[in-house]
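Below, each chain spelled out in residue letters.
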Amino acid sequence: MLKKDNYQKHRSLWDRTWRDSNGHVVIWQMPNKWLLGWAGLTVLSLLFSGITADVFSWAGSISLIIWSLLEIFKGANYFRHALGLLIFVFAVASIAKSL
């Protein structure tokens, strides 16, 4: 346990960007429920038309924003935080454009 604590204290910027707290490189992770929800709702919005498609599209956007906020605040490393911030900015801009 002491070795892990020592690693946590002395992680370089490179390690904080690409590695999680256990020292594993984390760029891709299995999608969580919010990201899967966004993908599923986006597909459904393409299959339907009218108000139904709009509801699925908005719900998908909300799911993507929740996912991005989770990455910003709870991401495994700096890369995941930056990815969440980038997706958040694009998702909010997309919603603002559609209004």
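Residues numbered from 1 in each chain as written. Predicted model: local features only at pLDDT ≥ 70, side-chain atom pairs only at ≥ 80, totals over all residues. Heavy atoms only, no water.

*Asks:* Quick rundown of the side chain of R80? Include the residues and the values.
*Replies:* The residue R80 is located in helix α5 (residues 78-98) in this model. Excluding its chain neighbours within four sequence positions, the residues that come into contact with R80 are V26, I27, W28, Q29, W67, E71 and G75. (Helix = DSSP H or I, 4+ residues; strand = E, 2+ residues; numbered from the N terminus. Contact = heavy atoms within 4.5 Å.)

*Asks:* Give a detailed account of the pattern of salt bridges, specifying residues and quantitative values.
*Replies:* Within this structure, the stated rule accounts for two salt bridges. In this structure, R19 engages D15 in a salt bridge whose closest nitrogen and oxygen atoms are separated by 3.1 Å. Accessibility expressed as a relative area gives 28% for R19, which makes it partly exposed. Accessibility expressed as a relative area gives 17% for D15, which makes it buried. Among the ionic pairs, R80 bridges to E71, the shortest N-O distance being 3.0 Å. (Salt bridge = Lys/Arg side-chain N within 4 Å of Asp/Glu carboxyl O. Buried < 20%, exposed > 50% of the residue type's maximum accessible area, 1.4 Å probe, protein only.)

*Asks:* Account for α5, naming residues and giving values.
*Replies:* Over its 21 residues, α5 runs 30 Å from end to end, which matches the ideal 30 Å to within 8%, given 1.5 Å per residue. Turning to α5, its buried residues number three or more, namely R80, G84, A91 and I95. Around the axis of α5, the buried residues are gathered within 40 degrees of arc, so they sit on the same side. For α5, the exposed residues set more than 90 degrees away from the buried face come down to F90 and K97. (Expected span 1.5 Å × (residues − 1). Arc of directions from axis to C-beta.)

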